[in-house]
There are 2 protein chains.
Amino acid sequence: MLGQMMHMPLMISSLIKHADAFHGDAEIVSRLPEGDIHRCTYSQAHRRSRQLANALSSLGVKTGDRIGTLAWNTHRHFEIYYGVSGMGAICHTINPRLFPEQIAYIVNHAEDSYICFDINFAALVEGLVPHCPKVKGWIAMCGHAHLPKTDKIPNLLAYDDLVNSHSAEYEWPEFDENTASSLCYTSGTTGNPKGVLYSHRSTVLHAYAAALPDGLNLSARDSILPVVPMFHVNAWGLPYSAALTGAKLVMPGPQLDGASLFELFESESVTISAGVPTVWLGLLQHLQTNKLKLSTVKTLVIGGSAAPPAMIKSFDEHFGVTVVHAWGMTEMSPLGTANTFKHKHLQLAAAEKDSIRVKQGRPLYGVEMKIVDGGGKILPNDGKAFGDLLVRGPWVLDTYFKSEGESPLRDGWFPTGDVATIDPDGYMQITDRSKDVIKSGGEWISSIDIENLAMAHPAVMEAAVIGVAHPKWDERPLLLVIRKKDMDVSREEMLSFMNGKIAKWWLPDDVVFLESLPHTATGKLLKTKLRDQFRDYKLPTA
Amino acid sequence: MLGQMMHMPLMISSLIKHADAFHGDAEIVSRLPEGDIHRCTYSQAHRRSRQLANALSSLGVKTGDRIGTLAWNTHRHFEIYYGVSGMGAICHTINPRLFPEQIAYIVNHAEDSYICFDINFAALVEGLVPHCPKVKGWIAMCGHAHLPKTDKIPNLLAYDDLVNSHSAEYEWPEFDENTASSLCYTSGTTGNPKGVLYSHRSTVLHAYAAALPDGLNLSARDSILPVVPMFHVNAWGLPYSAALTGAKLVMPGPQLDGASLFELFESESVTISAGVPTVWLGLLQHLQTNKLKLSTVKTLVIGGSAAPPAMIKSFDEHFGVTVVHAWGMTEMSPLGTANTFKHKHLQLAAAEKDSIRVKQGRPLYGVEMKIVDGGGKILPNDGKAFGDLLVRGPWVLDTYFKSEGESPLRDGWFPTGDVATIDPDGYMQITDRSKDVIKSGGEWISSIDIENLAMAHPAVMEAAVIGVAHPKWDERPLLLVIRKKDMDVSREEMLSFMNGKIAKWWLPDDVVFLESLPHTATGKLLKTKLRDQFRDYKLPTA
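Residues numbered from 1 in each chain as written. Chains lettered and ligands numbered in written order. Predicted model: local features only at pLDDT ≥ 70, side-chain atom pairs only at ≥ 80, totals over all residues. Heavy atoms only, no water.

Caption draft 1: Fine view of the sheet that holds strand S9 (residues 194-199) of chain A. Residue and element names in this part refer to chain A. Strand order in the open sheet formed by seven strands is S7-S6-S5-S3-S4-S8-S9, with mixed pairing between adjacent strands. Of all the strands in the sheet, the pair left with one neighbour each is strand S7 (156-158) and S9. Strand-to-strand, the axes of this sheet are offset by a mean angle of 25°, without reference to chain direction. Contacts from helix H3 (residues 75-86) reach strand S3 (66-70), strand S4 (90-93), strand S5 (112-117) and strand S8 (180-186) within the one sheet, and its direction differs from that of S4 by about 145°. Against the sheet, helix H4 (residues 100-110) contacts S3, S4, S5 and S8, and its axis sits at roughly 150° relative to S8. (Pairing = 2+ DSSP bridges. Helix = DSSP H or I, 4+ residues; strand = E, 2+ residues; numbered from the N terminus. Axes fitted to C-alpha atoms, helices over the stretch in contact; angles between N-to-C directions. Contact = heavy atoms within 4.5 Å.)

Structure below.
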């Protein structure tokens, strides 16, 4: 027997309709790539989203077509999010920081029909044009006054002129909530980038969960500044949750340095912001160097990688700001966990609270989470056992875009590629990447734990630990070290420094000193390359 | 093109699974009808819900079967919510305060197969038995020690024994999220009660929205005490949102007086509670009489009817407690609006804030809301125009249970039966019931506004205003007054008292003095009866 409630699909357009109807005068403030500050309201943004939908229709854009963006966080990008998805097309956000060849691959794989770009990416676009022949037109996100002066971009349009020349008379269509709404590619350390195709349903459910008090805690009393770019998993969903709650939205454009962010925080009464640790280190430095205070910010959300505990402490003690750890993935829309306290934690001493806050957090309702061993057996949530972290839920990826039915799932669960512990209270902590964990005699050794220990030696500048083949134990850890300039440490000194500080069987079987370690474009250790390099390395214990 | 995210239905069982997995030790504390305090955890409640599902299966209960409850808020009722809906059957909560004939009608209309009841309703059940021959068994919510000693209840079972005698080995089934999960009848002033049939989808979406910071603002740091009964629109969804957030849950059982509530508030560190204004007046009186303070409560949510402004002020100024106005209906699961401030309101003076707080609040995302005039034309959200309040959304009723396709909707919108204003910031305020508004010459007059004014006269004990037929204006207001004992006021004195305090054309055309006014079982003015009584009344102006 079915319930007898209304059948209303979850539509992205209903978010901006809600914001317009009940928070029409709430502001969207943007620092534009052109340099100036732009102010508009949800009502105006809704109006322009509808004009954009008419404009794209007039260009022949249809349901399911992909519209690419190479753009920073601005009101225009916000309008594109709603205009494109709202009309039933797919908003494909492209990371402009990728190598141009990767971007061209992504544009062609997605078959983008039009690409909207910020004017400071004009040179990048000029380089893309010859490699992306199927793109019908390139839309510069500016008015005609700022249109890039180039003859290397065919079918070049000015976004503002395009929008302004069309009517706002447009009724958002209603359709299956499982319809694709947006597309974001994830670039791993191996292979081509893979596309994650979100739906209206997954996006709206995620927007609810992200706004919860135990998520990012968003309300109409907030002024939200998403530092995390809109090309990075939809700015963690903030443009959607902001409309859901009617919060003020402050868009920082391309300037993400400490000074520029501080200026917007103060001038726009920002209450919450979100970004990766490097951004907050930049802000912290700016605050400390210039002896500044934050007047209105209450929460900084940190994702992307773990926040240094010292930074969490500094923001808390000196600036009255709570740093909230969050964790997720492109394949998870992205939010999986956020780190907030429980009722029983409120009376804990500061040190005990700190030990909870360094973890990645508890799953939001909607995300199921478990850890399993190499054989797929579920491990206990005891905060000690660590295993492959698997997730599932209505905003978790099922298959990659155009993957021809190839499923990345294991028994219906998505393997995150992370190795983690989950404690009895549900707090998850990442201990390693699945590919990097060292499998020794059926047991797992965390490469990150050993690296952190090695880095604590005063002579070590950088360290990497990889598993190397071993005839008896399958794999054993090999420690690779770059020494600090003018400092020295021997293999034996390294090992004796570590001895007693980790389990005996975790001690590396050998130490190799190198001049450099390979990194990805985003600064992460490229362990695949190291494993290739040391594939035939003979350990002294072998 | 469809998105490529996981197809996971929104299931009520996933709420209790989440609470078990990540908040397993969070408590559910109940004051039982037997008199004692019972303590258990989400893990234990989840276990017992599964035992219940096995027990009901063994009794032959199948998908879609209705299981009735006549019960207060306790851990057992919580287990029934999850066990019954989780297995695919329908949890039918029955209001024990209704007249026995209405209850019998509801049980027979719903075709309840089993009915679970609190032992203090044993006498009520004895009276129902002869009128409800299709009920297969009656389950007393107790162990065998407290089983009512009666031979008037056939097939009498003890709930605890039934649960304890079955295994907890049970996998919640996964099915269409639109499947019916629960049923609640609404009793208007006319006709038979009508059933609202909720679905898993509507319930889960409502649970997300209710927990939002601009909803009831629920987190794992809360200890929630739902005073609003679980037979009254699922206790406003709190048993679901509590599991979603992992909050502690405090169930007050049948004792809802100020002293009993205060005791639980203090002993269980309650942070938020929800109920109707009379409950909070009782609590306020208890606090004032005994010079008590509330140590942990931060928020009292008020629904059912408007909260007196003086009460809101008292709780705020003397007890540091924020009273949050919420509004909804059985047909809306029930939450439609909650009254919280916006970013721009935070700097307002106290008086300006007070003028916002008396309204019913802003719609939660998921509820669309508009006001229309008699012809269906949309009226402006200017805080002045008032019209029929229409709503729609995924947790709003489509049709009533077994209504044979008869739709209560107007162009896809549900008419709430309320007349309201909506201000430019989206705050809705109810001004009248649609049936009671007086239609005079194409314009509407609020009966409630005139009643409130009449009540302000020192000699008036109670007042009612109804529309009476008028040859020129269609309807004109007639004021009906009960004078206070030993006090007198004339028709002319009444009219001159009101003159100048409302628009001239709102002044009643006549005043009639009565000895009593008719009321419903729940104490509301029965205006239908008054209209019948004065159907042929001839106004002096006619």
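Moving on from the model shown.
Caption draft 2: Spatial organisation of the nonpolar core. One finds Tyr-42, Phe-78 and Tyr-208 of chain A together with Tyr-42, Phe-78 and Tyr-208 of chain B to be the most contacted residues of the largest nonpolar core, which totals 182 residues. In this structure Tyr-208 of chain B touches Leu-205, Tyr-208, Ala-209, Leu-212, Tyr-365, Gly-366 and Trp-395 of chain A together with Leu-244 of chain B, once residues within four positions along its chain are discounted. The next biggest cluster of nonpolar side chains, apart from the first, holds 57 residues, and it includes Leu-70, Ile-119, Trp-280 and Leu-300 of chain A. (Core = buried A, V, L, I, M, F, W, Y, C linked by side-chain atoms within 4.5 Å. Buried < 20%, exposed > 50% of the residue type's maximum accessible area, 1.4 Å probe, protein only.)

Caption draft 3: Structural context of the sheet that holds strand S10 (residues 223-226) of chain A. All names here are of chain A. The strand order S2-S1-S11-S10-S12-S13-S14-S15-S16 describes an open sheet built from nine strands, whose pairing is mixed. With partners counted over all chains shown, the strands left at the sheet margins are strand S2 (37-41) and strand S16 (362-363), one partner each. Sheet analysis places strand S14 (residues 322-328) next to strand S15 (residues 335-338), joined by three bridges and oriented antiparallel. Bridge pairing in S15 links Ala-326 to Ala-338.

Caption draft 4: How the structure looks around the relation of the copies chain A and chain B. Superposing chain A onto chain B takes a rotation of 180° combined with a translation of 0.0 Å along the rotation axis, leaving an RMSD of 0.1 Å. Read as a symmetry element, the transformation amounts to a two-fold axis. Considering only C-alpha atoms, the part of chain A nearest the rotation axis is Leu-212 of chain A, at 2.5 Å. Here 100% of the contact residues of chain A are again contact residues in chain B; the copies associate through an equivalent surface. (Least-squares fit on C-alpha atoms with pLDDT ≥ 70 in both.)

Caption draft 5: A look at helix H9 (residues 238-245) of chain B. With respect to burial, H9 of chain B is a largely interior element, eight of its eight residues being buried. All buried positions along H9 of chain B are accounted for by Leu-238, Pro-239, Tyr-240, Ser-241, Ala-242, Ala-243, Leu-244 and Thr-245 of chain B.

Caption draft 6: Spotlight on the packing of helix H1 (residues 12-22) of chain B against helix H3 (residues 75-86) of chain B. All names here are of chain B. Two elements in contact, H1 and H3, have axes whose closest approach is 8 Å; the angle formed by their N-to-C orientations is 130°. Comparing the axis directions of H1 and H3 gives the class oblique. Along this stretch, H1 crosses H3, giving a crossing that reads as left-handed. Residues Ile-12, Ser-13, Leu-15 and Ile-16 of H1 form the contact with H3, whose participating residues are Phe-78, Tyr-82, Ser-85 and Gly-86. Considering only residue class, the contact of H1 with H3 consists of five nonpolar, three polar and no charged. (Parallel < 35°, antiparallel > 145°, perpendicular 65-115°, else oblique. Left-handed = near helix turned anticlockwise from the far one by under 90°. Nonpolar A, V, L, I, M, F, W, Y, C, P; charged D, E, K, R; others polar.)

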